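Overview (structure and organization)
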Amino acid sequence: MDRVQKPHVALLPFPALGHYIPLLELSRLVASQHLTVSYVTTPANVPRLQDFVDEAVNCGIDLRLLVLPTPHVEGLPEGLESTDDCPPESHGSIFALANKLQQSFDAWMELQFQQQGVAAPPVCVVFDSFMGWARQSAEKFSISCVEFNPFGAFGNSGTNSTARSVMQRVLEKEGEDCVVLSLDLPKPLRFKRNEIDQDYWNVDEMNPIAKFILPMLQIVGKGGSGLILNTFEELETTYLQHLRKLTGKPVWAVGPLLLTSYFGGACNKVSTRGKMADIAADELVQWLDSQSAGSVVYVSFGSVVKLCKEQTKALARALEGSQQPFIWAIRVRESGSSGNAEYLPEGFLERTKGRGVVIWGWAPQLLILSHPSVGAFMSHCGWNSVLESLSLGVPIAGWPMFGDQFFSMRVLAEMGAGIQLCEHLGGVPDEEKVGVVLRQVLSGDKGKEMRTAAQKAKEMARKAVGDGGSSKVHVQGFVSEMRRLLKMRQEQSSLP
Ligand code: UDP
């Protein structure tokens, strides 16, 4: 296909791994439908993306990295261009960096329209909700824009309602401890007051990140010509329908955004998803193979959360006391002069040797979740993790910490595939409770019910991404829209 015949889409992720990963998967998915996709990033993030892109290119997929120069952000150390690289206090600077990319993105767009690119100029920019400036860029170049939000449909509806209630100062309390969300929701939702971010309670003195995020969340899906979500129709029917009604736009549910090969069981080709794993895949698989089916607890709190010493030690004691085999991906706040050992109780590693695997850093999450020995996932309920776990049939013991994670926990609890064991970013797990919850998830009647619910979700997910499945149909819907946009442009340019 030549420069004019193939729809070209620019994809604009927010620089955090929980956003990069699903958008990379989406890029591969749509580019494999005979589209050109330019995935926008900055230099320090290239190493974590290159392998993925090379692999896609080797399969004949037209996926390119568009590397924009790093904008200067006061106080942000050189080479830190993603939230997972930074301590929490620098996250505001990553938002500033993301915001400042507009100038160089617009300059690149300008070049594309001057016919200097190797592909036709984009017909659409798919932008992460936290890159809201893309709406203006699209308007400036008279192209379409479609939003991608990494939360699920319920998480989107809930955070949207929260943001609007906060901004309009109508967040409704019921008694001392309860909040009722009712704005723009199909039915009122009750949450504990402390499940709604602390930062949202004082609108006049919100922290800079809340100030940045809330205005974006309250307009999710409304500014573009559609919304793409990493979920699937059968999992979140009610809230997908609700979002369609609320936005009046197409909402394409294209998830789960992961390779279909995982549905068949453990797949070793995953060590570079997001980051290079900090453990050899074959070593891990060998250990997993030696454990009995459904017995292992996988513990990970995503790409952003880093536990403090007190939390890490409490969790270590709980895992040790539970007597269950475990894999624990530990990300800690900072390494002291003596390394990370001070985060764990003395002798923990020796006492749990053989029964537990500790990964300091990045775990190959999908490889782990797709292994039959894994029976439970202790997770912070980031939406990617929740969806990955459900899609691979693993129930969740949840420790929701902030943002949409409380909404995701509720999705899990309502479908019977999850149970909560701790809460909040500052929460400290109760040793005894962790033991009880893990035993519940891994064995007994409750565990059986949870596994059945998770297996049902897995089956639905597999069907959704299969031929004729709902997610596949939605991907086609998006791709057809891109083709329509290209055709329209071609027809307009041939007008006398
Ligand atoms: N992830 C991973 N290895 C890790 C931690 C996370 O592969 O050690 C991946 C995980 O599979 C998911 C993403 O990183 O795709 C984390 O996204 P999520 O929404 O769960 O949490 P966030 O990082 O956004 O808090």
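The following paragraphs examine the structure supplied in this document. Quick caveat: nothing in here was measured; it's all calculated off a predicted structure.

Below, the discussion takes up the overall build of the chain. When helices and strands are tallied, the chain shows 16 helices and 16 strands. Taken over C-alpha atoms, the radius of gyration comes to 22 Å for the chain, in line with the 23 Å a tight globule of 496 residues would show. The dimensions of the chain, computed from C-alpha atoms along their principal axes, are 80 × 55 × 50 Å. Expressed as a percentage of its 496 residues, the buried residues of the chain come to 60%. Here the analysis covers contacts within the chain between residues at least 6 apart in sequence; of these, 71% occur between residues at least 24 apart. Considering the chain, the positive charge centre built from 47 side chains and the negative charge centre built from 53 side chains are found 5 Å apart.

Think of an α-helix as 3.6 residues a turn; residues three or four steps apart then line up on the same face. An ideal rise of 1.5 Å per residue puts 32 Å on 22 residues; helix α15 (residues 444-465) measures up with 32 Å between its terminal C-alpha atoms. By the burial criterion, the buried members of α15 are Gly447, Met450, Ala453, Ala454, Ala457, Lys458, Ala461, Ala464 and Val465. For α15, the angular spread of buried residues about the axis comes to 145°, placing them on one side. Opposite its buried face, α15 presents the exposed residues Asp445, Lys448, Glu449, Thr452, Lys456 and Lys463, each directed more than 90 degrees away. Buried residues along α15 sit in contact with α12 (383-391), β15 (396-398), α13 (405-415), β16 (418-420), α14 (431-442) and α16 (470-493).

The sheet built from three strands is open, its strands ordered β6-β7-β8 with antiparallel pairing. The two strands at the open ends of the sheet, each matched to only one other strand, are β6 (172-174) and β8 (189-192). Neighbour to neighbour, the strand axes of the sheet diverge by 35° on average, direction disregarded. Relative to β8, strand β7 (residues 178-181) is paired through four bridges, and the arrangement is antiparallel. When the sheet's bridge partners are listed, Val180 is paired in β8 with Arg190.

Glancing now at the sheet that holds strand β2 (residues 36-41). Strand order in this open sheet of seven strands is β3-β2-β1-β4-β5-β9-β10, and the pairing throughout is parallel. Here the strands that pair on one side only, and so sit at the sheet edges, are β3 (63-67) and β10 (251-253). Put simply, the sheet's adjacent strands are angled 25° from each other on average, direction ignored. Along the sheet face, helix α2 (residues 46-58) touches β2 and β3 and points at about 155° away from the line of β3.

With that settled, consider the packing of helix α5 (residues 153-167) against helix α6 (residues 208-217). Between α5 and α6, the least distance of the axes is 8 Å, while the angle of their chain directions is 110°. Put simply, α5 runs roughly perpendicular to α6. Note that α5 runs across α6; the crossing there is left-handed. In this structure, α5 uses Thr159, Asn160, Ala163, Val166 and Met167 to contact α6, whose residues at the interface are Leu214, Pro215 and Leu217. Within the contact of α5 with α6, the residues separate by chemical class into six nonpolar, two polar and no charged.

Moving on: the side chain of Ser144. For Ser144, the position within the fold is in strand β5 (residues 144-149). Residue Ser144 is classed as buried on the basis of its relative accessible area of 13%. Residue contacts for Ser144: discarding those within four places in its chain leaves Val123, Cys124, Val125, Ala138, Ser225 and Leu485.

Around the ligand, the structure places 17 residues, and the nearest of them are Ser303, Ala363, His380, Ser385 and Glu388. Ala363 places a polar main-chain atom, nitrogen or oxygen, 2.7 Å from a nitrogen atom of the ligand. One of the side-chain nitrogen or oxygen atoms of Glu388 is found 2.6 Å away from an oxygen atom of the ligand. Here the ligand has 530 Å² of accessible area as a free molecule, and 94% of this is covered by the chains. Listing elements by their share of the shell around the ligand, those giving two or more residues are α1 (17-31) and α12. Counting residues per element, the shell around the ligand draws most heavily on α12, at four residues.

In this section: the packing of aromatic side chains. Under the defined criterion, the tally for this structure stands at 16 aromatic pairs. Between Phe301 and Trp399, the ring centres sit 5.1 Å apart and the planes meet at 75°, which makes this aromatic pair edge-to-face. Separated by 98 residues along the polypeptide, Phe301 in the loop between β11 (296-300) and α9 (309-322) and Trp399 in the loop between β15 and α13 bring together distant segments of the chain. For the pair shown, Phe301 and Trp399 are each scored as buried. Site record: aromatic cluster; members linked through ring pairs are Phe14, Phe95, Phe130 and Phe212.

Okay, the state of the cysteines next. According to the stated counting rule, one finds zero disulfides in the structure shown. Here Cys86 stays free of any disulfide, with the sulfur of Cys308 as its closest cysteine sulfur at 19 Å. In this structure Cys86 comes out as buried when scored by relative accessible area, which is 1%. Unpaired in this structure, Cys124 has its nearest cysteine sulfur neighbour in Cys145, at a distance of 6.9 Å. With a relative accessible area of 0%, Cys124 lands in the buried category.

Procedures and definitions
Residues numbered from 1 in each chain as written. Predicted model: local features only at pLDDT ≥ 70, side-chain atom pairs only at ≥ 80, totals over all residues. Heavy atoms only, no water. Helix = DSSP H or I, 4+ residues; strand = E, 2+ residues; numbered from the N terminus. Rg over C-alpha atoms; globule rule 2.2 N^0.38 Å. Buried < 20%, exposed > 50% of the residue type's maximum accessible area, 1.4 Å probe, protein only. Contact = heavy atoms within 4.5 Å. Lys, Arg positive; Asp, Glu negative; His and termini not counted. Charge placed at Lys NZ, Arg CZ, Asp CG, Glu CD. Expected span 1.5 Å × (residues − 1). Arc of directions from axis to C-beta. Pairing = 2+ DSSP bridges. Axes fitted to C-alpha atoms, helices over the stretch in contact; angles between N-to-C directions. Parallel < 35°, antiparallel > 145°, perpendicular 65-115°, else oblique. Left-handed = near helix turned anticlockwise from the far one by under 90°. Nonpolar A, V, L, I, M, F, W, Y, C, P; charged D, E, K, R; others polar. Near = heavy atom within 4 Å. Polar contact = N/O pair within 3.5 Å; in protein donor to acceptor, adjacent residues only side chain to side chain. Areas by Shrake-Rupley, 256 points an atom, 1.4 Å probe, with all protein chains shown as cover. Phe/Tyr/Trp six-rings, centres within 6.5 Å; stacked < 30°, edge-to-face > 60°. Disulfide = S-S within 2.5 Å.

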